[in-house]
Amino acid sequence: DLKIIYFVTPTYPRPEQVPELTRLAHTLMHVPRLHWIVADDQPICSEEVSNILRRTGLPYTHISSPKPFIYKGTNFPRGVANRRAALTWLQENVNDGVLYFGDDDNTVDLQLFDEIRLTKKVSMFPVGLIGDYGVSSPVVKEGKVVGFFDSWPGSRLFAVDMAGFAVNIEFLKPSANMPYIAGHEEDRFLVSLGLKMEDIEPLAANCSKILVWHTKTVKYKKPTLRLDIKKIDSVAA
Ligand code: UDP
Ligand code: MN
């Protein structure tokens, strides 16, 4: 039987949210045996997000867990409270399958799902369009991960992006946790699993292919998205 992929997406309200989630939904609808966990960064699950989820026909879980109010500005840990809530949900409800953290704005090749589904402990692969090098990737030698190519090493044991790894849920220890430390979420999470370099399974043709991209949408800067009635009237006149 195909293992179920639990695709965990943290998301928060802004003008780009519905289009990002619509596009991601249309990717995920092509994937068999996928359960979408969408974790809303606000006190209650939003109606807009619920509507998108319902219309996919996918099995899904919609949970909400707002970030602590001290996190605002630009360089705060993004999507941590909600990813943590998803982790707790998985620990309480699931004991088999594969976990993948897929942000609402990333772009994923369908081939990635076939590959991560076979993850035994932790698999890793390159992420495109990220950092100063344009790619973040494990370095593979003779089929083994021996280091990381990433423009921000940041004294991390595992210098990877959130989109650059998948975890077999049997390997998800009760100690699994993600800290509120910007830039260190991935590394600390993987360390909390007790991951060792020799456990890492390189995917995407020994990390020579890019199957996921850290795409970013330009922020919509206009003050409002509401139709401007006065302008419509003046055009109509
Ligand atoms: N996110 C969130 N709350 C926030 C900011 C971001 O839940 O206040 C989510 C966002 O929807 C995305 C993930 O966290 O799925 C990463 O955020 P973003 O894409 O803004 O960060 P970047 O890709 O620039 O690191
Ligand atoms: Mn992003």
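Please read all numbers here as calculations on a predicted model, not as lab measurements.

### Focus: the pairing of strand 9 (residues 144-149)
Part 1 of the reasoning: Across 5 bridges, the pairing between strand 8 (residues 135-141) and strand 9 is antiparallel. If you follow Pro138 over to strand 9, its bridge partner there is Phe148.
Part 2 of the reasoning: Connecting strand 8 to the antiparallel partner strand 9 that follows it, the hairpin turn spans 2 residues, and Glu142 within it adopts a positive phi of roughly 45°.

### Description of the environment of Arg14
Part 1 of the reasoning: Secondary-structure assignment places Arg14 in the loop between strand 1 (5-11) and helix 1 (17-28).
Part 2 of the reasoning: Here the alpha-carbon distance between Arg14 and Lys219, two residues 205 residues apart in the chain, equals 9.1 Å.
Part 3 of the reasoning: Sequence-distant contacts of Arg14, defined by excluding residues within four places in its chain, comprise Glu20 and Asp104.
Part 4 of the reasoning: Of note is the side chain of Arg14, whose polar atom sits 2.8 Å from the side chain of Asp104.

### Some words on the site of ligand 1
Part 1 of the reasoning: Near ligand 1 there are 16 residues, and of these Pro10, Asp41, Lys67, Asp105 and Lys216 occur at the shortest range.
Part 2 of the reasoning: With respect to ligand 1, the backbone of Pro10 contributes an N or O atom lying 2.7 Å from an oxygen atom.
Part 3 of the reasoning: Contact between ligand 1 and Asp105: an oxygen atom at 2.9 Å from a side-chain N or O atom of the residue.
Part 4 of the reasoning: Contributions of two or more residues to the shell around ligand 1 are made by strand 1 and helix 3 (80-93).
Part 5 of the reasoning: The class makeup of the residues in the shell around ligand 1 is 3 nonpolar, 4 polar and 9 charged.

### Some words on the packing of helix 1 against helix 2 (residues 47-56)
Part 1 of the reasoning: At a minimum axis separation of 10 Å, helix 1 and helix 2 run at an interaxial angle of 15°. It follows that helix 1 is roughly parallel to helix 2 by the angle criterion. The two elements helix 1 and helix 2 cross, and the hand of that crossing is right-handed. Across the interface between the two elements, Gln17, Val18, Leu21, Thr22 and Ala25 from helix 1 touch Glu48, Val49, Ile52 and Thr56 from helix 2.
Part 2 of the reasoning: For the contact of helix 1 with helix 2, the per-class residue count stands at 5 nonpolar, 3 polar and 1 charged.

### Remarks on the coordination of the manganese ion (ligand 2)
Part 1 of the reasoning: Of the protein atoms, only Asp105 (OD) and Asp105 (OD) coordinate the manganese ion (ligand 2), at distances of 2.2 to 2.6 Å.
Part 2 of the reasoning: Tracing the backbone shows Asp105 in the loop between strand 4 (98-101) and strand 5 (107-108).

### Things to note about the environment of His26
Part 1 of the reasoning: Its place among the elements puts His26 in helix 1.
Part 2 of the reasoning: The exposure class assigned to His26 is partly exposed, which follows from its relative accessible area of 48%.
Part 3 of the reasoning: With 30 residues separating them along the chain, His26 and Thr56 place their C-alpha atoms 7.8 Å apart.

Basis of the calculations
Residues numbered from 1 in each chain as written. Chains lettered and ligands numbered in written order. Predicted model: local features only at pLDDT ≥ 70, side-chain atom pairs only at ≥ 80, totals over all residues. Heavy atoms only, no water. Pairing = 2+ DSSP bridges. Helix = DSSP H or I, 4+ residues; strand = E, 2+ residues; numbered from the N terminus. Contact = heavy atoms within 4.5 Å. Polar contact = N/O pair within 3.5 Å; in protein donor to acceptor, adjacent residues only side chain to side chain. Near = heavy atom within 4 Å. Nonpolar A, V, L, I, M, F, W, Y, C, P; charged D, E, K, R; others polar. Axes fitted to C-alpha atoms, helices over the stretch in contact; angles between N-to-C directions. Parallel < 35°, antiparallel > 145°, perpendicular 65-115°, else oblique. Left-handed = near helix turned anticlockwise from the far one by under 90°. Donors = N, O, S within 2.8 Å, 3.2 Å for Na, K, Ca; no water. Buried < 20%, exposed > 50% of the residue type's maximum accessible area, 1.4 Å probe, protein only.

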